[in-house]
Amino acid sequence: MALLSSLTPVFIAMICVLIGVILKKSNGEKKKCEIRSKPLSRPWVDEDLKDGTDHHFEEEEVDEKWQGLDENVAHVPFFAERYSEAEMIKRSQMFYELLNKRRSVRFLSDEPVPREVIDNVIRTAGTSPSGAHTEPWTFVVVQDPYVKHKIREIVEEEEEINYKKRMGDRWVNDLKRLRTNWIKEYLDTAPYLILIFKQVYGQLPNGKKKTHYYNEISVSIACGILLAALQNVGLYTVTSTPLNCGPQLRLLLQRPANEKLLLLLPVGYPKRDATVPALTRKPLEDIMVVM
């Protein structure tokens, strides 16, 4: 009896330890489960850059019956110019050589560029295909020095935070070889800034919202055509996606709430002493699969 009495505290202590181990293991499993279920934190993701195809309209429901599209649009005969095989090969080679000279240039001259040229390259971008032919793009051309400088102030303020906090060491280190940072002098010196906005939804004559299908893909294709059009006339740019600047720039440029900034392009001639990184492009066999 005395032995049992002396062992009782030991048994109680052992039971307490066992319960503690079980609880700790249970909590650990719960935390692992929470970590697995929680989406990866990506502080550099810009909410403005999410595709709005599946955009949930909070103010009102989309009119599913009428989207403002003409159901009886006429279909007309299509006639296309056709080239000989030799001419096709020649033209394709010339176009490749033209586009292969395209480089991202951060040192842009303030030399004036004819406005008509800018009008024409944006007209060209506007020929892009789009989901259900909704044409969900707005090209804002800024030439006013004051507005350009305000854009630079907004971008540089956010970009400094991006480089120091949001982007992370890996991204910043990957950019070191390109010698980029948050200082964007070209936003002042380029004669034009073209800001491309995607319209995540449209506005019908009756005031209701109209779905813009695949709006980000559509506007991205238009941006690619715009880059080719700029190269065709001998103008240069650097594709800029100013992280977390969209809302401020939208306010500055007085754009409506359905427009989200996708891309910012400073456009002009390269400075005489401009430099670019000595980069190479992947060969055809690395980017094309023939089956």
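Quick note: structure is the one above.
This is a predicted model, so every value here is computed, not measured.

Calculation criteria
- Residues numbered from 1 in each chain as written.
- Predicted model: local features only at pLDDT ≥ 70, side-chain atom pairs only at ≥ 80, totals over all residues.
- Heavy atoms only, no water.
- Pairing = 2+ DSSP bridges.
- Helix = DSSP H or I, 4+ residues; strand = E, 2+ residues; numbered from the N terminus.
- Axes fitted to C-alpha atoms, helices over the stretch in contact; angles between N-to-C directions.
- Salt bridge = Lys/Arg side-chain N within 4 Å of Asp/Glu carboxyl O.
- Buried < 20%, exposed > 50% of the residue type's maximum accessible area, 1.4 Å probe, protein only.
- Phe/Tyr/Trp six-rings, centres within 6.5 Å; stacked < 30°, edge-to-face > 60°.
- Lys NZ or Arg CZ within 6 Å of the ring centre and 35° of its normal.
- Left-handed = near helix turned anticlockwise from the far one by under 90°.
- Contact = heavy atoms within 4.5 Å.
- Nonpolar A, V, L, I, M, F, W, Y, C, P; charged D, E, K, R; others polar.

1. Notes on the sheet that holds strand S1 (residues 137-142)
At step 1: The strand order across the open sheet formed by 3 strands is S1-S2-S5, and the pairing between neighbours is antiparallel. Here the strands that pair on one side only, and so sit at the sheet edges, are S1 and strand S5 (259-267). Direction aside, neighbouring strands of the sheet carry axes that sit 20 degrees apart on average.
At step 2: Two elements, S1 and strand S2 (residues 192-199), share 6 bridges in a ladder whose sense is antiparallel. Paired with Val 141 across the bridge in S2 is Ile 194.

2. Concerning the pattern of salt bridges
At step 1: In the structure shown here, the tally under the stated rule is 7 salt bridges.
At step 2: The partner of Asp 188 in a salt bridge is Arg 152, and the shortest N-O contact between them spans 2.8 Å. Linking Asp 188 in helix H6 (residues 186-189) with Arg 152 in helix H4 (residues 145-166), this pair joins segments that are 36 residues apart in sequence.
At step 3: Residue classification places Arg 152 among the buried residues on the basis of a relative accessible area of 15%.
At step 4: Between Lys 198 and Glu 216 there is a salt bridge, with the nearest N and O atoms lying 2.8 Å from each other. Linking Lys 198 in strand S2 with Glu 216 in helix H7 (residues 215-232), this pair joins segments that are 18 residues apart in sequence.
At step 5: In this structure, a network of salt bridges that share partners links the residues Arg 152, Glu 156 and Asp 188.

3. Some words on the packing of aromatic side chains
At step 1: A full pass over the atoms with the stated rule returns 0 aromatic pairs.
At step 2: The ring centre of Tyr 201 lies 4.7 Å from the NZ or CZ of Lys 209, which sits over that ring.

4. Some points on the packing of helix H3 (residues 115-125) against H7
At step 1: Closest axis-to-axis distance for the H3/H7 pair is 8 Å, and the angle between their directions is 145 degrees. Here H3 runs over H7; the crossing is right-handed. Between H3, through Val 121, Ile 122, Thr 124 and Ala 125, and H7, the contact on the second element is made entirely by Ala 222, Ile 225, Leu 226, Ala 229 and Leu 230.
At step 2: Residues that form the contact of H3 with H7 fall into these classes: 8 nonpolar, 1 polar and no charged.

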